[in-house]
Amino acid sequence: MVQKKISQAVIRRLPRYYRYLRDLLDEGTERISSNELSARMKVTASQIRQDLNNFGGFGQQGYGYNVQYLYDEIGKILGLDCHHNIIVVGAGNMGQALANYVNFEKRGFIMTGLFDVNPDLIGKTIRGIPILHVDDLDTFLKEHDVDIAVLTLPKGEAESAAEKLVSLGIHAIWNFAHLDLNLPKDVVVENVHLSDSLMQLSYNIVKNKTNE
């Protein structure tokens, strides 16, 4: 059977659905209609139904969505029903901040290793995880099952580090470096450009002032 191709726009909205459904569960909400969810999320009810229909729908006419069931099913679609082991390459301020973010583990993303080249960082521990030298990557990856590598390196070092990770068997990279990586097609890359988001915010500030 040919797997249905899901647009990236739909995939980008799934974590947001998941987050809002978690809030609903925390409030004790058992079911919700697409219209009610639309009012909360500022996404049209039609868009919500279209998005969820890509995966089977999950709703019942006249009833809406069972919040717990929909939350669990979206979690499965996102792969959050299993653990993903993570390493961070680049244990500076950004790398340490990510390693210290305990909510990742609540979602099943387990921090297992930290790597850097700075001698002042080697041997220090973040939440009990020692920072190792990048030269130890080969041995570490042979001994540990790692699903995702996080790159928090300067632009000039990121490409070669990514290529090394791929050569050692890594097939998913969360990239915080200021460049888009050119890697084989079977390697999944999620580029995070924080400055892009800040510039978009700046644009909207200027736009709002212009419209005043």
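Heads up: these notes are all about the structure in this document. (Residues numbered from 1 in each chain as written. Predicted model: local features only at pLDDT ≥ 70, side-chain atom pairs only at ≥ 80, totals over all residues. Heavy atoms only, no water.)

**What about the packing of aromatic side chains?**
Logical step 1: Applying the stated criterion across every chain, the model contains 6 aromatic pairs.
Logical step 2: Relative to Tyr 71, the ring of Tyr 18 lies with its centre 4.2 Å away and its plane at 15°, an arrangement referred to as stacked. Of this pair, Tyr 18 sits in helix H1 (residues 8-26) while Tyr 71 sits in helix H4 (residues 67-77); the two residues are 53 residues apart in sequence, bridging distant segments of the chain. When sorted by exposure, Tyr 18 lands in the same class as Tyr 71, which is buried.
Logical step 3: Seen in terms of ring centroids, Phe 58 and Tyr 69 are 6.2 Å apart; in terms of plane orientation they differ by 65°. Their pairing is edge-to-face. Placement of Phe 58 in the loop between helix H3 (45-53) and strand E2 (65-66) and of Tyr 69 in helix H4 is noted, with a sequence separation of 11 residues between them.
Logical step 4: A relative accessible area of 17% places Phe 58 in the buried class.
Logical step 5: Three or more aromatic residues joined by ring pairs make a cluster, and in this case those are Tyr 101, Phe 104, Trp 174 and Phe 176. (Phe/Tyr/Trp six-rings, centres within 6.5 Å; stacked < 30°, edge-to-face > 60°. Helix = DSSP H or I, 4+ residues; strand = E, 2+ residues; numbered from the N terminus. Buried < 20%, exposed > 50% of the residue type's maximum accessible area, 1.4 Å probe, protein only.)

**Topic: the pattern of salt bridges**
Side-chain pairs of opposite charge can arise whenever the charged atoms involved come near each other.
Logical step 1: The tally for this structure, following the rule as stated, stands at 6 salt bridges.
Logical step 2: Salt-bridge contacts for Glu 73 lead to Lys 76; the nearest nitrogen and oxygen are separated by 3.3 Å. Within this pair, Glu 73 and its partner Lys 76 are both found in helix H4, separated by 3 residues, close to a single helical turn.
Logical step 3: As a salt-bridge pair, Glu 105 and Arg 127 come within 3.2 Å of each other at their nearest N and O atoms. With Glu 105 in helix H6 (residues 103-106) and Arg 127 in the loop between strand E5 (125-126) and strand E6 (129-133), the pair connects residues that are 22 residues apart, well separated along the chain. (Salt bridge = Lys/Arg side-chain N within 4 Å of Asp/Glu carboxyl O.)

**Thoughts on the nonpolar core**
Logical step 1: With 23 residues, the main nonpolar core has Ile 87, Val 89, Leu 137, Leu 141, Leu 151, Leu 165 and Ile 173 as its most contacted residues.
Logical step 2: Listing elements by their share of this core, those giving two or more residues are strand E3 (84-89), helix H7 (137-143), strand E7 (148-151) and helix H8 (155-167).
Logical step 3: Element by element, the count of residues in this core is highest for H8, at 5 residues.
Logical step 4: Once you skip the residues sitting within four places of it in the chain, Val 89 turns out to touch Phe 115, Val 134, Leu 137, Val 150, Leu 151, Thr 152, Leu 153 and Leu 165. (Core = buried A, V, L, I, M, F, W, Y, C linked by side-chain atoms within 4.5 Å. Contact = heavy atoms within 4.5 Å.)

**Describing a nonpolar patch on the surface**
Logical step 1: Nonpolar side chains collect at one region of the surface, where Leu 198, Leu 201 and Ile 205 lie side by side and expose about 290 Å² of accessible area between them.
Logical step 2: Position of Leu 198 relative to the elements: it lies in helix H9 (residues 194-211). (Patch = residues over 30% accessible without salt bridge, like charges linked within 9 Å, V, L, I, M, F, W, Y side chains within 5 Å. Areas by Shrake-Rupley, 256 points an atom, 1.4 Å probe, with all protein chains shown as cover.)

**Digging into the packing of H1 against H3**
Logical step 1: Closest axis-to-axis distance for the H1/H3 pair is 11 Å, and the angle between their directions is 105°. Considering their axes alone, H1 and H3 lie roughly perpendicular with respect to each other. Contact residues: Val 10, Arg 13 and Tyr 17 in H1; Gln 47, Ile 48 and Asp 51 in H3.
Logical step 2: Across the contact of H1 with H3, the residue classes tally to 3 nonpolar, 1 polar and 2 charged. (Axes fitted to C-alpha atoms, helices over the stretch in contact; angles between N-to-C directions. Parallel < 35°, antiparallel > 145°, perpendicular 65-115°, else oblique. Nonpolar A, V, L, I, M, F, W, Y, C, P; charged D, E, K, R; others polar.)

**Re the sheet that holds E5**
Logical step 1: With mixed pairing, the 7 strands of this open sheet are ordered in space as E5-E6-E4-E3-E7-E8-E9. Looking along the sheet, the strands with just one partner apiece sit at the ends: E5 and strand E9 (188-191).
Logical step 2: Both E3 and strand E4 (residues 109-116) contribute to a ladder of 6 bridges, which runs parallel. Within the sheet, the bridge partner assigned to Val 89 lies in E4 and is Phe 115.
Logical step 3: Against the sheet, H8 makes contact with E3, E7 and strand E8 (172-175), and its axis sits at roughly 170° relative to E7, the strand it touches most. (Pairing = 2+ DSSP bridges.)

**What to know about helix H2 (residues 34-41)**
Within an α-helix, residues lying three or four positions from one another point in the same direction, as the helix has 3.6 residues per turn.
Logical step 1: Buried within H2 are the following residues: Ser 34, Leu 37, Ser 38 and Met 41. Viewed end-on, H2 has its buried residues packed into an arc of 105°, placing them on one side of the element.
Logical step 2: Backbone geometry just downstream of H2 places Lys 42 in the positive-phi region, at approximately 60°. (Arc of directions from axis to C-beta.)

**Comments concerning H8**
Logical step 1: Between the first and last C-alpha of H8 there are 19 Å, a value that for 13 residues agrees with the 18 Å anticipated at 1.5 Å per step.
Logical step 2: Close packing links the buried residues of H8 with E3, H7, E7 and E8.
Logical step 3: Gly 169 sits one or two positions beyond H8 and adopts a positive phi of about 105°. (Expected span 1.5 Å × (residues − 1).)

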